[in-house]
Amino acid sequence: MLRRALRLGLGPGLLGRGLGTHREGSTLAWDGKVSEIKKKIQSILPGGAWSPLCDTSHLPPEHSDVVIVGGGVLGLSVAYWLKRLEKQQGAIRVLVVERDHTYSQASTVLSVGGIRQQFSLPENIQLSLFSVEFLRNINEYLAVVDDPPLDLQFNPSGYLFLASEEGATIMENNVKVQRPTHFSRQEGAKVCLMSPEQLQKKFPWINTEGVALASYGLENEGWFDPWCLLQGLRRKVQSMGVLFCHGEVTRFVSSSNHMETTSGEKVTLRRIHEVHVKVDRSQEYQPVECAIVVIAAGAWSGQIAELAGIGKGPPGTLQGTRLPVEPRKRYVYLWHCPQGPGLEAPLVADPSGAYFRREGLGNNYLGGYSPTEEEEPDPGNLEVDHDFFQEKVWPHLARRVPAFETLKVRRAWAGYYDYNTFDQNGVVGPHPLVVNMYFATGFSGHGLQQAPAVGRAVAEVMLEGRFQTIDLSPFLFSRFYLGEKAQEHCII
Amino acid sequence: MLKFIIPTIMLMPLTWLSKNNLIWINSTTHSLLISFTSLLLLTQSNDNNLNYSLTFFSDPLSTPLLILTMWLLPLMLMASQSHLLKEPLARKKLYITMLITLQVFLIMTFTATELILFYIMFEATLVPTLIIITRWGNQTERLNAGLYFLFYTLLGSLPLLVALTYLQNTTGTLNFLLMQYWTQPLSTSWSNTFMWLACMMAFMVKMPLYGLHLWLPKAHVEAPIAGSMVLAAVLLKLGGYGMLRITPMLNPLTEHMAYPFLMLSLWGMIMTSSICLRQTDLKSLIAYSSISHMALVITAILIQTPWSYMGATTLMIAHGLTSSMLFCLANSNYERIHSRTMILARGLQIFLPLMATWWLLASLTNLALPPTINLIGELFVMMSMFSWSNLTIILMGTNIVITTLYSLYMLITTQYGKHTYHVNNLTPSFTREHTLMALHIIPLLLLSLNPKIILGPLY
């Protein structure tokens, strides 16, 4: 008090200058102490969240209506749409549990970031169409007060699929599904089919040997920055009141009910009551009481589903049907080629399976190649195999684009696909036996581009009981038991 | 009166010394038997009071409240069985002991002759309630809720102690029977104004009045089911009972001093009813509906006419049973879905049809459907308020409409409409839950056949 009076009273006088540095240190400490005391008083008064017994601020809350396991782009998208579609603000309490806040192994941020509508299933096309509309208007969807707008760096350069003789018919059929017809009220993709001569004229750097047909997406296809989308979603979702928790789900506490179907078969329905979330680098865990659990854990969804008891039963029954999502490692290489394709280059997908796209404005390119089943790398770690590029990727690239014979690999990384071994398409919606568990996973490499639309679909099922805007019934879990594959007809 | 208090106190050794599997059965049955004996109080030999001793008495105002309190203990025990299943044995017994202690204090509050005994017991009921809310509530916010509850009530009732001591010194006695005849009319001076405020504020906070109601949504929502039931059904009525007892001593000052509180109550009725329409949490909706009904009781007591007193007492009993039943229904939902959000548990009529009947009956009594006693209470209050001032009919009418709106909104959202996937395997209703609801609604419906027993001393 005396020191403060001296400071205010004397100012830059003798006494002030003499005790200069010593005074400054002590007044700063004094201000700090006052603000600390103020904070303590504020937290003790009713309204604060202080508990005198023990500090539990690092733990998730004891209760949450919805627990989303996995904080990648799909989990955040489900959280966003839940908060957006709830009828009144603050109605549902959502908790997102994410094991790694640096996202060092998450598929979202290691992805190449492409988005296309050239699928063969109409549901996939509609999902991508809505997602691209979301991305184009991202600053209306994800606006947060006082925060700068997002720059997704969306390059709408399109996708170019090349087909050999064998794949040409499939490609034509796919394009028929993709284009809008006047029977369906859905919008379609704008895709243009090109012959090898047209291809050579448009993209002179391509070697059209072995190419019978090419389909080029003219609009709404390209690539964007996934990290920016993730941060934008995270920021928006936090502003809407979703709680984040840094932890790992270790256990589900559930209860069973033995019931009979109308035909007299016995079936056991389960319901999850609690999720045990373990704090990072500690044995401490918090049981979170919840009404609904959403699995959006990407490549590790299979493990989480096993924790919930999905797949524990005699094989061939619904109880014994596992969630067939497992991690698969894919490499992405970044190279520099000064004579390479120019700014108009789309994401080119060779019939052999190799693909590449332009990255930035300095003649850098990103690309990779999906290995065959026998050559699958071990998904235990994310180490990059450079020989894979030399032996498998480069020959195909050099054959297709002669300029790529003189390229120099700058960097490489590896990421996981949440690979659905059944039919390589996503699993969306509720589980038939564990009644309050929903899935939003298993997209096998095209999850990022469909995330906004899938989030909306899952939120609709949770809130309304059925899919309202896009009907994703072919992607339900029950198809694994019924054997109905929702397979993409690839051209490879 | 000792014939109720001593058996209730003896329920405590009963719980502690029972065998493990007989705790619930013993305590519930014996408390039910004790509650039947309370019906003896209904026979009043003369128009005055039924005096038992110098310390305890009962009259047609305290009798229905006492019967309600004693009826509620077995119901609370039945409702708590499920969420205490996993607790260790000593904690279960402790919980039951808390409820029994609360019951003893409440019996003594409602039958106290001396106002100081009333005050001591009034404050003493806070302690077991606080312990129940903060120890057995469901979420972290319960500590906050307990704090709000404790401090609001304590700060409101401290001036009451001062006022009671002052009254004891001036009139020489605080015995309720004598005070009616020995009080002097209060003139409008500053000190008398403060004494009026000191006497009434404790009960206003307890009722609660609209501006002082912040503790109620927190306490009701965070409390476990027995806590919510006793809070809504009985503890709120302590405020009304206190006001009804102390206003005869504060004449004629009440006619001037009551205006701000009347305005607050009338406006607060509509405000809290409107908040109910926007609530997403089921228990929070029922808590706000309690505030709205109690605001009616406050207005009735403050205008001090015979009909309004009758309406106030009827409304207190009716609301006690209805609100307690609604909390039990909300708890049965919560035990199955583990969430109190209304939109996550919809379309339940298909899965739990008999529970839907109870939901329907509870919602209908909540919106004061004729010929239930809820309607009698509201109608009496409306009529006396209309004769006090014609304009209040607009506010009261709006309140009735909004009450209907939110009661039906609650019913429709939880019972009708399309259900979601995650309500597919709800555990079917237990017989215990059906008994609980039946034991709530049967007295309510039977009372509509003979409402004169709850119409209070002015009938």
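Nothing here was measured: the structure is a model prediction, and the numbers come from that model.

Asker: How should the overall build of chain B be read in this particular structure?
Answerer: Along the backbone of chain B there are 18 helices and two strands. With respect to the principal axes defined by its C-alpha atoms, chain B has extents near 65 × 55 × 40 Å. Burial analysis of chain B (459 residues in total) assigns 63% to the buried set. Considering only intrachain contacts with a sequence separation of at least 6, the fraction spanning at least 24 residues in chain B is 82%.

Asker: How should I be thinking about helix H3 (residues 62-80) of chain B in this particular structure?
Answerer: The periodicity of an α-helix, 3.6 residues per turn, causes residues three or four positions apart to be oriented the same way. Residues and elements named next belong to chain B. When the terminal C-alpha atoms of H3 are compared, their 27 Å separation across 19 residues agrees well with the 27 Å that a helix rising 1.5 Å per residue should span. Considering bend angle alone, the principal kink of H3 is centred on Leu-73 and spans about 25°; proline Pro-74 follows within four residues of it. Taking burial as the measure, the 19 residues of H3 include 19 buried ones, the bulk of the element.

Asker: What exactly am I supposed to notice about the pairing of strand E17 (residues 437-441) of chain A here?
Answerer: On any regular strand, side chains alternate: one points to one face of the sheet, the next to the other face. Residues and elements named next belong to chain A. Counting buried positions along E17 gives five out of five residues, so the element sits mostly inside the fold. Here E17 shows no split at all, with Met-437, Phe-439 and Thr-441 on one side and Tyr-438 and Ala-440 on the other all buried. One ladder, built from three bridges, connects strand E10 (residues 285-295) with E17; its direction is parallel. For Ile-295, the partnering residue across the bridge sits in E17 and is Phe-439. In this sheet, E17 lies alongside strand E16 (residues 427-430) in antiparallel orientation, the contact comprising four bridges. Bridge pairing in E17 links Val-427 to Thr-441. The turn linking E16 back onto E17 is made up of six residues.

Asker: What's the story with the interface of chain A and chain B in this structure? I'm lost.
Answerer: Contact residues are listed per partner, giving 34 residues for chain A and 33 residues for chain B. Interface area, chain A with chain B, both sides summed: about 2,700 Å², of which 51% is carbon and sulfur. Counting the surface chain A buries against chain B, the share from its top three residues, Glu-62, Gln-88 and Arg-271 of chain A, is 20%. There are one salt bridge connecting chain A and chain B. Here Glu-62 of chain A and Arg-142 of chain B are joined by a salt bridge, their closest N and O atoms 4.0 Å apart. In this assembly, chain A and chain B are joined by 11 residue pairs in polar contact (both at pLDDT 80 or more). Of all the elements in the fold, those that place two or more residues in the side of chain A that touches chain B are strand E1 (63-69), strand E8 (243-260), strand E9 (266-279), E10 and helix H12 (447-464) of chain A. Taken together, the residues of the side of chain A that touches chain B break down into 15 nonpolar, 11 polar and eight charged.

Asker: Looking at this model, I keep getting lost on the nonpolar core. Mind explaining?
Answerer: When a protein is soluble and globular, its nonpolar side chains tend to lie buried together. The biggest cluster of nonpolar side chains holds 220 residues, and the ones touching the most others in it are Leu-229 of chain A together with Leu-302 of chain B. With residues near it in sequence (within four places) discarded, Leu-302 of chain B still touches Trp-196, Met-200, Met-204, Met-243, Thr-254, Ala-258, Phe-261 and Leu-262 of chain B.

Asker: Would you mind showing me how to read helix H9 (residues 226-239) of chain A here?
Answerer: Residues and elements named next belong to chain A. The end-to-end C-alpha separation of H9 is 20 Å, in line with the 20 Å expected for 14 residues at 1.5 Å each. If you check which residues of H9 are buried, you get Pro-226, Cys-228, Leu-229, Leu-230, Gly-232, Leu-233, Arg-234, Lys-236 and Val-237. Those residues of H9 hidden inside the fold are in contact with helix H4 (73-85), helix H5 (122-136), helix H6 (138-141), E8 and H12. Here H9 starts with a cap whose side-chain oxygen sits 3.3 Å from the backbone nitrogen of Trp-227, and that cap is Asp-225. Backbone geometry just downstream of H9 places Gly-241 in the positive-phi region, at approximately 105°.

Asker: It is not clear to me how unusual backbone geometry should be interpreted in this structure. Could you clarify?
Answerer: Phi is mostly negative for residues that are not glycine, and the peptide bonds are mostly trans. The omega torsion of the bond from Met-207 of chain B to Pro-208 of chain B falls at -5°, within 30 degrees of zero and hence cis. In this fold, Pro-208 of chain B is placed in the loop between helix H9 (190-206) and helix H10 (215-222). In this model, Asp-146 of chain A sits at a positive phi of 70°, which is unusual for a non-glycine residue. Position of Asp-146 of chain A among the secondary structure elements: in the loop between H6 and strand E4 (159-163). Judged by relative accessible area, which is 76%, Asp-146 of chain A ranks as exposed. A positive phi angle, near 60°, is found at Ala-368 of chain B, a position not held by glycine. In this structure, Ala-368 of chain B sits in the loop between helix H15 (353-366) and helix H16 (373-388).

Cut-offs and rules
- Residues numbered from 1 in each chain as written.
- Chains lettered and ligands numbered in written order.
- Predicted model: local features only at pLDDT ≥ 70, side-chain atom pairs only at ≥ 80, totals over all residues.
- Heavy atoms only, no water.
- Helix = DSSP H or I, 4+ residues; strand = E, 2+ residues; numbered from the N terminus.
- Buried < 20%, exposed > 50% of the residue type's maximum accessible area, 1.4 Å probe, protein only.
- Contact = heavy atoms within 4.5 Å.
- Expected span 1.5 Å × (residues − 1).
- Bend = angle between axes of the 7 residues up to and from the residue.
- Pairing = 2+ DSSP bridges.
- Buried area = accessible area lost by both parts, 1.4 Å probe.
- Salt bridge = Lys/Arg side-chain N within 4 Å of Asp/Glu carboxyl O.
- Polar contact = N/O pair within 3.5 Å; in protein donor to acceptor, adjacent residues only side chain to side chain.
- Nonpolar A, V, L, I, M, F, W, Y, C, P; charged D, E, K, R; others polar.
- Core = buried A, V, L, I, M, F, W, Y, C linked by side-chain atoms within 4.5 Å.

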